Amino acid sequence: MSDKIQSAIDFLNDSNTQSTSLESRLQFLQSKGLTEAEINTALASANNNRRNIYLAQQPGYQLERDWRDYFIMAVVSGGLVYGIGTLARRYLWPHLQPPTSTQYESDLEALNSKFDQAESTINELRTDTAAIKDSLVGQQEKVNETVVEIERAIESIKSNEKRSRTEIDGVVREIADIKAQIPKLVESQQQSQSNTLSDLQSELKSLKSLISSRQNTGATSPSSSIQIGKPQIPAWQLATANGATSPSTNSQ
């Protein structure tokens, strides 16, 4: 079918030209240079298309297929089957075929190499694990020794602290005893001083009485000789000496 006939068919089927008369449309086609046979062919094809469209719009109608439709369907189906078969042979069939001996041996060698690498890696991991374990054991021993030394140091500090507290308690008790003895010492010192003063006063009185008696005796008998006896320590000096030695005795 030529392009002129197809253009004429499209012109006749155009909805914009349906309002004009058939004679006007045929005259338009003749003015475009179409022959009478071409116009009749285009008119028949246009009428057939309109009939098929009308029948297709009717409910329950099925279009009739001729041998050309079945031929096209067969060609399309064959092309699809051929394409699917080609793709299957190219991409799927190599994976479904059993491997050859060479390929099997190469795969076996690759698998053995993988196993060897895995075994060497496992051995390295075992060696590293053993080294880490030994290192951890050594560190644990050092930690235990350090803990023992720390415990000993703490015990020593506690014992020293206990001894220091005992010594401090002894010093505190001694200070308390000294504080308790200070009033007694002061009192004894005051008592000694008062005794000394009283003895001194009594000695002074006796000395005055002696001097006055000697003066009286000298006035009555000037020719009498003065008897000088052995010198003696006064009583007030003896009392002072006794008072000085008594605090030292009490402190002991």
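Residues numbered from 1 in each chain as written. Predicted model: local features only at pLDDT ≥ 70, side-chain atom pairs only at ≥ 80, totals over all residues. Heavy atoms only, no water.

### Describing the overall build of the chain
Here is step 1: In terms of regular secondary structure, the chain is built from six helices and zero strands.
Here is step 2: Starting at the N terminus, the α and β elements of the chain follow one another as α-α-α-α-α-α.
Here is step 3: Looking at the 252 residues of the chain, the share that counts as buried comes to 8%.
Here is step 4: When the accessible surface of the chain is totalled, it reaches about 21500 Å², and 57% of it is carbon and sulfur. (Helix = DSSP H or I, 4+ residues; strand = E, 2+ residues; numbered from the N terminus. Buried < 20%, exposed > 50% of the residue type's maximum accessible area, 1.4 Å probe, protein only. Areas by Shrake-Rupley, 256 points an atom, 1.4 Å probe, with all protein chains shown as cover.)

### Side note on the UniProt feature "transmembrane region" (unreviewed entry) in the chain
Here is step 1: UniProt annotation of "transmembrane region" (unreviewed entry) refers to residues 70-88 when read in the numbering used here.
Here is step 2: The span residues 70-88 shows a helical share of 100% and a strand share of 0%, and its end C-alpha atoms are spaced 27 Å apart. (UniProt positions renumbered as here; feature names shortened; annotations may be inferred.)

### As for helix α1 (residues 3-13)
Here is step 1: Of the positions making up α1, those classed as buried are Ile5, Ala8, Ile9 and Leu12. Along the axis of α1, the buried residues cluster in a sector spanning 100°; they form a single face. (Arc of directions from axis to C-beta.)

### Structural notes on the pattern of salt bridges
Opposite charge on two side chains makes pairing possible when the charged atoms of those side chains draw close.
Here is step 1: One pass over the structure, following the stated rule, counts one salt bridge.
Here is step 2: Between glutamate 161 and arginine 165 there is a salt bridge, with the nearest N and O atoms lying 2.8 Å from each other. Highlighted residues: glutamate 161 and arginine 165, both in helix α5 (residues 101-220), separated by four residues, approximately one helical turn.
Here is step 3: Here glutamate 161 falls in the partly exposed class, since its relative accessible area comes to 38%.
Here is step 4: Take arginine 165: its relative accessible area is 52%, and that puts it in the exposed class. (Salt bridge = Lys/Arg side-chain N within 4 Å of Asp/Glu carboxyl O.)

### Some points on a nonpolar patch on the surface
Here is step 1: On the surface, Trp67, Phe71, Ile72, Val75, Val76, Leu80 and Ile84 cluster together to form a nonpolar patch covering roughly 790 Å² of accessible area.
Here is step 2: Along the chain, valine 75 falls in helix α4 (residues 67-96). (Patch = residues over 30% accessible without salt bridge, like charges linked within 9 Å, V, L, I, M, F, W, Y side chains within 5 Å.)

### What about the confidence of the model for the chain?
Here is step 1: Across the chain, the average pLDDT comes to 75, with 74% of residues at 70 or higher.
Here is step 2: Highest mean pLDDT in the chain belongs to α5 (85); lowest belongs to helix α6 (residues 235-251) (50).
Here is step 3: Counting contacts from residues 221-231, a segment whose pLDDT is below 50, to residues more than four positions away or on other chains yields zero contacts.
Here is step 4: Low pLDDT, under 50, characterises residues 244-252; the stretch is placed with three contacts to residues that sit more than four places away or in other chains. (pLDDT = per-residue confidence, 0-100. Contact = heavy atoms within 4.5 Å.)

### Quick notes on the nonpolar core
Here is step 1: Ile5, Ala8, Ile9, Leu12, Leu29, Leu34, Ile39, Ala42, Leu43 and Ala46 form the largest nonpolar core, which has ten residues in total.
Here is step 2: Listing elements by their share of this core, those giving two or more residues are α1 and α3 (36-57). (Core = buried A, V, L, I, M, F, W, Y, C linked by side-chain atoms within 4.5 Å.)

### A short note on the packing of α1 against helix α2 (residues 22-31)
Here is step 1: The geometry of α1 relative to α2 is characterised by a closest axis approach of 11 Å and an angle of 155° between their N-to-C directions. The orientation of α1 relative to α2 falls into the category roughly antiparallel. With respect to the hand of their crossing, α1 and α2 are arranged in right-handed fashion. Facing α1, whose interface residues are Ala8, Phe11 and Leu12, α2 presents Arg25, Phe28 and Leu29.
Here is step 2: Each residue belonging to the contact of α1 with α2 can be placed in one class, and the counts come to five nonpolar, no polar and one charged. (Axes fitted to C-alpha atoms, helices over the stretch in contact; angles between N-to-C directions. Parallel < 35°, antiparallel > 145°, perpendicular 65-115°, else oblique. Left-handed = near helix turned anticlockwise from the far one by under 90°. Nonpolar A, V, L, I, M, F, W, Y, C, P; charged D, E, K, R; others polar.)

### A few points about the side chain of threonine 196
Here is step 1: Locating threonine 196 in the fold gives a position in helix α5.
Here is step 2: Within polar-contact distance, the side chain of threonine 196 engages the backbone oxygen of serine 192 at 2.7 Å. (Polar contact = N/O pair within 3.5 Å; in protein donor to acceptor, adjacent residues only side chain to side chain.)

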